[in-house]
Amino acid sequence: MTALIIVIALVVIIGGYFISTQRSLVNLDELCKNALSQIEVQLNSRFDAVVALAKTAAKYAEHESETIIKTIEARSGNSGTIPANGTSAAAINQQSDLLGQMMGRLNVVFERYPELKASELYVKAQDGQKEYEENVRMSRMVYNDTATKMNRMVRQWPSSIVASMLHFDMKDYLKVDDEKKKLYPDLDDAFKK
């Protein structure tokens, strides 16, 4: 009789652990999906700010800005938003790279036309761009922190057993922009630790 009680108690404990771990994994998985979705929303807003800057530049440098706008539309499928290849870390990194390229091209235009930098429209669009960049940066931090927690649970024993049984995989991290690494070399060293 005592052996039966011990077996039942062990089954209840193991079952409770399994259910608790499954719930934690689902929670972290949903938080990762939510964070990626938030980043995508912020990138779309940032994309709109880039388009606004390009339209502002159009008044000064018609050819250059038309080329940039056409490139943006071609890469976004003429939808007016960033291309979404599914919400994943790789898709977010791709979208971020596209925005960086577009901003680089716009900055060349702005350097050629100093009077454009002084325009009120440019200042407002640039401020909006900076705000969206900060929002994306914060959202990326939230995602990477959540992905770290998820990856720990997927890799650590005994939760790795439950994760494996329920097909929970490790999450990819969002990469640091190479241009920002050049601006902040100490940041690159921090990520290597």
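Residues numbered from 1 in each chain as written. Predicted model: local features only at pLDDT ≥ 70, side-chain atom pairs only at ≥ 80, totals over all residues. Heavy atoms only, no water.

1. Structural notes on the overall build of the protein chain
Along the protein chain, the regular secondary structure elements total 8 helices and 0 strands. Written out in order from the N terminus, the α and β elements of the protein chain read α-α-α-α-α-α-α-α. Going through the 193 residues of the protein chain one by one, you find that 34% of them count as buried. Of all intrachain contacts in the protein chain linking residues separated by at least 6 positions in sequence, the fraction that spans at least 24 positions is 77%. For the protein chain, the computed accessible surface area is about 12100 Å², with 57% contributed by carbon and sulfur atoms. (Helix = DSSP H or I, 4+ residues; strand = E, 2+ residues; numbered from the N terminus. Buried < 20%, exposed > 50% of the residue type's maximum accessible area, 1.4 Å probe, protein only. Contact = heavy atoms within 4.5 Å. Areas by Shrake-Rupley, 256 points an atom, 1.4 Å probe, with all protein chains shown as cover.)

2. What about the nonpolar core?
One finds Leu25, Tyr143, Met150 and Leu174 to be the most contacted residues of the largest nonpolar core, which totals 28 residues. Broken down by secondary-structure element, the contributors of at least two residues to this core are helix H1 (2–58), helix H3 (89–112), helix H5 (120–155) and helix H6 (159–165). Here methionine 150 is in contact with Leu25, Leu28, Asp29, Cys32, Phe168, Asp169 and Lys171, once residues within four sequence places are set aside. (Core = buried A, V, L, I, M, F, W, Y, C linked by side-chain atoms within 4.5 Å.)

3. Digging into a nonpolar patch on the surface
Together, Met1, Leu4, Ile5, Ile8 and Val12 make up an exposed nonpolar region whose accessible area comes to about 560 Å². Note on placement: isoleucine 8 falls in helix H1. (Patch = residues over 30% accessible without salt bridge, like charges linked within 9 Å, V, L, I, M, F, W, Y side chains within 5 Å. Salt bridge = Lys/Arg side-chain N within 4 Å of Asp/Glu carboxyl O.)

4. Brief notes about the environment of phenylalanine 18
Relative to the elements of secondary structure, phenylalanine 18 occurs in helix H1. Along the sequence, phenylalanine 18 and alanine 163 sit 145 residues apart, while their C-alpha atoms lie 9.6 Å from each other. When neighbours within four sequence positions are excluded, phenylalanine 18 is seen to be in contact with Val162, Met165 and Leu166.

5. Things to note about the pattern of salt bridges
Enumeration over the complete set of coordinates arrives at 4 salt bridges. With a shortest N-O distance of 3.8 Å, lysine 33 and glutamate 30 are connected by a salt bridge. With lysine 33 and glutamate 30 both in helix H1 and 3 residues apart, this pair spans about one turn of that helix. Since its relative accessible area comes to 45%, lysine 33 is described here as partly exposed. Residue classification places glutamate 30 among the partly exposed positions, given a relative accessible area of 44%. Residue glutamate 134 pairs with arginine 137 through a salt bridge whose shortest N-O separation is 2.6 Å. Of this pair, glutamate 134 and arginine 137 both sit in helix H5, 3 residues apart, roughly one helical turn. When salt bridges with common partners are traced through the structure, they connect Asp29, Glu30, Lys33 and Lys171 into a single cluster.

6. Observations concerning the confidence of the model for the protein chain
Looking at the protein chain, the pLDDT average stands at 75 and 66% of residues meet or exceed 70. For the protein chain, helix H8 (residues 185–192) is the element with the lowest average pLDDT, namely 44, and H6 is the one with the highest, namely 89. Here residues 77–85 is a poorly scored stretch, pLDDT under 50, and it has 19 contacts once near neighbours within four places are set aside; other chains count. Below pLDDT 50 for its whole length, residues 181–193 participates in 4 contacts with residues either more than four positions away or in separate chains. (pLDDT = per-residue confidence, 0-100.)

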